[in-house]
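# Understanding the architecture of this molecule
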Amino acid sequence: MRKQIAAANWKMNLTLAQGEQLLDEIIAAPHSLSNNQLAVFAVPFPYLTMAQQKLSGKQNVFVAAQNCYSKKSGAYTGEVSVEMLQSIGIQYVVLGHSERREYFNESNHFLAEKVNICLEYNITPIFCCGEPLHIREADTQNEFVGKQLEESLFHLSAGQITKVVIAYEPIWAIGTGKTASNEQAQEMHAFIRQQFAAKYGEAVANEISILYGGSVKANNASAIFAQPDVDGGLVGGASLIANDFTAIINALK
Ligand code: 13P
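Summary of the structure given here. Nothing here was measured: the structure is a model prediction, and the numbers come from that model.

Below, the discussion takes up the pattern of salt bridges. Tallying each qualifying case throughout the model produces ten salt bridges. Residue Asp-231 pairs with Arg-2 through a salt bridge whose shortest N-O separation is 2.7 Å. With a gap of 229 residues between them, Asp-231 in the loop between α11 (221-225) and β8 (232-235) and Arg-2 in the segment before β1 (4-9) connect regions that are remote in the sequence. For the pair Asp-231 and Arg-2, a shared accessibility class is recorded, and that class is buried.

Following this line, the structure appears as structure tokens:
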């Protein structure tokens, strides 16, 4: 059965002290993670070790990096390798967030290389996809997202693809307070799952967790997560508020 996941993406926010306090508050709050549910915290690189220490021993709770480089090691000043992440016990990496695609020119093909190296090191990519507003307005979002999946993921084997988590994040809904409607989210998630079913078969497609991202809040998470093809969320702004992210964890189905 596929996992239901509440993933926090802190982006480039918080000082170390603020991050520690946020995690302390979330840990202290009552939550109920069943066997099939995970909470993941994608924190800035300098806080990975702190987060690992604070969350160690917590059942079904993981720390993620927000990015990694596509090469094993070498003269790539300023970059962080998957081997480094693995060496500190990190098991998840967010890849291809729309902010990385937009501000750092990350292409579908470049992301395919990052996906490959993560899987080589047994790290789960949380692979982000999603269309900008003009594509949604032209009603070509399926073609756009389909191409992102095809160019970054469809070279993988069936055994590999079930190790990838997908996050569908319509760019027009990120940080705008404008959420995709429950129907729009379900429609796109079902489309994504169909793409995987066509390529790898239904049984494989049903094993893949597909998260929704874009203005997920404490008060809309339950309704979005209740959609049959939505397996949780990747959360920006609301993940920086302990009560809100706790409520989002508790909204997992
Ligand atoms: P917001 O929840 O702030 O809209 O951000 C979504 C996002 O980009 C998560 O990766």
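Residue position: Ala-238 is located in the loop between β8 and α12 (242-250). Here the alpha-carbon distance between Ala-238 and Gly-175, two residues 63 residues apart in the chain, equals 9.8 Å. The contact partners of Ala-238, leaving out residues within four places of it in the chain, are Val-216, Lys-217, Asp-244, Phe-245 and Ile-248.

Overall, the coordinates contain zero disulfides when judged by the stated rule. Cys-128 provides the cysteine sulfur closest to Cys-129, a residue in no disulfide bond, and the two sulfurs are 7.6 Å apart. Judged by its relative accessible area of 3%, Cys-129 is buried.

So, on to the pairing of strand β2 (residues 37-42). If a strand is regular, its side chains alternate between the two faces of the sheet. With six of six residues buried, β2 lies mostly within the body of the structure. Residues Gln-37, Ala-39 and Phe-41 line one face of β2 and the alternating positions Leu-38, Val-40 and Ala-42 line the opposite face, and both faces are buried. Sheet analysis places β1 next to β2, joined by six bridges and oriented parallel. From the neighbouring strand, Gln-4 faces β2, where its bridge partner is Gln-37. You can see the chain leave β1, run along helix α1 (residues 16-28) and come back into β2, and the turn it takes is right-handed. Strand direction decides the pairing type here: β2 and strand β3 (residues 61-65), joined by four bridges, are parallel. Its bridge partner lying in β3, Val-40 is registered against Phe-62. One crossover worth recording links β2 to the parallel β3 by way of helix α2 (residues 48-55), and it is right-handed.

Conventions and cut-offs
- Residues numbered from 1 in each chain as written.
- Predicted model: local features only at pLDDT ≥ 70, side-chain atom pairs only at ≥ 80, totals over all residues.
- Heavy atoms only, no water.
- Salt bridge = Lys/Arg side-chain N within 4 Å of Asp/Glu carboxyl O.
- Helix = DSSP H or I, 4+ residues; strand = E, 2+ residues; numbered from the N terminus.
- Buried < 20%, exposed > 50% of the residue type's maximum accessible area, 1.4 Å probe, protein only.
- Contact = heavy atoms within 4.5 Å.
- Disulfide = S-S within 2.5 Å.
- Pairing = 2+ DSSP bridges.
- Right-handed = clockwise from strand over helix to strand, strands pointing away.

These results come straight from atomic positions and should not be treated as a statement about function.
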